[in-house]
Amino acid sequence: MIILAIESSCDETSAAICVNGKIQSNVVATQLVHEQYGGVVPELASRAHQQRIVPVVEQALADAKIQKNALSAVAFTRGPGLLGALLVGASFAKALALALDIPLIEVNHMQAHVLAHFIEAPEPKFPFLCLTVSGGHTQIVLVRDHLSMEIIGQTGDDAVGEAFDKTAKLLNLPYPGGPLIDRYAQQGNPLAFKFPLVEMPGLDYSFSGIKTAILYFLRDQTKLNPAFIDENLADICASIQYTLVQILLTKLRRAARETGIREIALAGGVSANSGLRKALTEMGEKQGWNVYIPRFEYCTDNAAMIAMAAHFKYLKGDFTSQEVSPLPRMEF
Ligand code: KG4
Ligand code: ZN
């Protein structure tokens, strides 16, 4: 069973080859064109996907030493994501599947982030909770089986990655600012500044209030001292990161308590954050959880996770018709 998977939901053009459930190649082309605009520009993202999709797929095939006509199926991200970006991957996958006369498999990008845990050992045991944190989503997912998942908590406004990136912008850091906040935070005092924690009911999140609080805080402080940001950058970053991590983990702990589940997984681009990794590992030790964090390359957007999801769908014979179109707001 040889699957070619394509990911094009946002600003990464990626292709991967999976042979009998094992990833043989995973090529990711990151689009740097968005940096100067301080965020992903949808039209530029689709154009860049169009330019890259053929060379990225060829590279994935070459890395795995696989010929096109050996493929058993073609998988692609149907959603959620940017419509124009998704269309490039979907059209390519449909055309290739049609030309080779092999099955087409649609994949939900958020389910794939969870299934990145099955690329390499150790794998979490069912049922487990997965905190999926990215630039577009913040979800606590109850995972009963590879293809049976339920979102039990999510953000009502900004995603946590967005909160990192938007506050980084307020600090005049380039896009994407999440990794830079992480870097400066390592030299700072997380308790230097206090930001209000917004209480949301149940297991849901809100990150827009904290962003506004930081905006006003910086505005007031720079009025008093125009060099405030430069002089306190490490402490500000450490305090912001500490607050965001606290918000994430408070709800995760509640979810674990309410469900009685001790298998806890982390997924999505923000799981690269060193403060989050450290705090989750410490909380896991304290709570008696088994904590799972995939390798970084499988946390950010990649086609290997799409291939993994497709592998489980292939085993169930869950194929997609050529009539399929992308779903920017695709749900589970
Ligand atoms: O999953 P991902 O690669 O793409 C989406 O599907 O959104 O996540 C990207 C997000 C961005 O918001 C980026 O700033 C954030 O992950 N991110 C980080 C770190 N590395 C990436 N945020 C905080 N600390 C990091 N080290
Ligand atoms: Zn993602």
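These figures come from a predicted structure and were not determined experimentally.

Quick notes on the rules
- Sequence order as written defines the numbering, with residues in each chain counted from 1.
- Chain letters and ligand numbers both follow the written order, the letters beginning at A and the numbers at 1.
- Confidence filtering applies because this is a predicted model: local features only for residues at pLDDT of at least 70, side-chain atom pairs given and counted only at 80 or more, and all residues used for totals across whole chains, interfaces and linings.
- The basis for the side-chain values is all heavy atoms of the structure; hydrogens and waters are excluded.
- To qualify as a helix, a DSSP run of H or I must reach at least 4 residues; to qualify as a strand, a run of E must reach at least 2; elements of each kind are numbered from the N terminus.
- Taken over C-alpha atoms, the radius of gyration is set against a globule rule of 2.2 Å times the number of residues to the power 0.38.
- Relative accessibility decides the category of a residue: with a 1.4 Å probe and only protein chains considered, values under 20% of the type maximum give buried, values over 50% give exposed, and everything between is partly exposed.
- Note on definitions: a residue-residue contact is assigned when non-hydrogen atoms from the two residues lie within 4.5 Å.
- The donor set covers N, O and S atoms within 2.8 Å of the metal, switching to 3.2 Å for Na, K and Ca, and it leaves out water, so a site may look short of donors.
- For a four-donor site, all angles between 85 and 135 degrees give tetrahedral; for four or six donors, opposite pairs above 155 degrees with the remaining angles between 65 and 115 give square planar or octahedral; all remaining cases count as irregular.
- Each polar contact in these results corresponds to two N or O atoms within 3.5 Å; when the atoms are within protein, one needs to be able to donate a hydrogen and the other to accept it, and residues that are neighboring in sequence are counted only if both atoms are side-chain atoms.
- The criterion for strand pairing is that DSSP finds at least two bridges linking the strands in question.
- Orient the strands so they point away from the viewer, and a crossover whose first-strand-to-second-strand path over the helix runs clockwise is right-handed.
- Lines are fitted to the C-alpha atoms to define the axes, a helix being fitted only along its stretch in contact, and any angle between axes, read from their N-to-C directions, falls within 0 to 180 degrees.
- Should an angle fall under 35 degrees it is called roughly parallel, over 145 degrees roughly antiparallel, and 65 to 115 degrees roughly perpendicular, with every other angle called oblique.
- Two helices crossing with the near one rotated counterclockwise from the far one by less than a right angle form a left-handed crossing, whereas a clockwise rotation gives a right-handed crossing.

Draft legend 1. Geometry of the overall build of the chain. Helix and strand content of the chain: 10 helices and 10 strands. Its C-alpha atoms give the chain a radius of gyration of 20 Å, near enough to 20 Å, the size a compact globule of 332 residues would have. Taken along the three principal axes of its C-alpha coordinates, the chain extends 65 × 45 × 30 Å. With 332 residues in all, the chain has 52% of them scored as buried. A fraction of 72% describes how many contacts in the chain between residues 6 or more apart in sequence connect residues 24 or more apart.

Draft legend 2. Up close: the coordination of the zinc ion (ligand 2). Here the zinc ion (ligand 2) is held by the protein donor atoms H109 (NE2), H113 (NE2) and D301 (OD), which lie 2.1 to 2.2 Å from it. Seen from the zinc ion (ligand 2), its 4 donor atoms lie at angles of 93 to 146°, and the figure they make is irregular.

Draft legend 3. Expanded view of the side chain of N302. Take N302: it is sitting in the loop between helix 9 (296–299) and helix 10 (303–316). In this structure the side chain of N302 is engaged in a polar contact, spanning 3.3 Å, whose partner is the backbone oxygen of Y298. A distance of 3.0 Å separates the side chain of N302 from the backbone nitrogen of A304, its partner in a polar contact. The residues touching N302, leaving out its near neighbours within four places in the chain, are E7, S14, N26, V28 and E297.

Draft legend 4. Representation of the pairing of strand 9 (residues 263–267). Counted residue by residue, strand 9 has 5 buried out of 5 residues, so it is predominantly covered. Side-chain alternation along strand 9 places E263, A265 and A267 on one buried face and I264 and L266 on a second face that is also buried. Here 4 bridges tie strand 6 (residues 128–133) to strand 9, and the two strands are oriented parallel to one another. Across the sheet, C130 pairs through a bridge with A265, a residue of strand 9. As defined by bridge partners, strand 9 adjoins strand 10 (residues 290–292) across 3 bridges and the pair is classed as parallel. Note on strand 10: the bridge partner recorded for A265 is Y292. You can see the chain leave strand 9, run along helix 8 (residues 274–287) and come back into strand 10, and the turn it takes is right-handed.

Draft legend 5. Representation of the packing of helix 1 (residues 42–64) against helix 2 (residues 83–100) within the structure. Viewed as axis vectors pointing N to C, helix 1 and helix 2 meet at an angle of 30°, and their least axial separation amounts to 9 Å. Overall, the two elements helix 1 and helix 2 adopt an arrangement that is roughly parallel. Relative to helix 2, the crossing made by helix 1 is right-handed. Residue-level inspection shows S46, H49, Q50, I53, V54 and V57 of helix 1 in contact with helix 2, the latter providing G84, A85, V88, G89 and F92.

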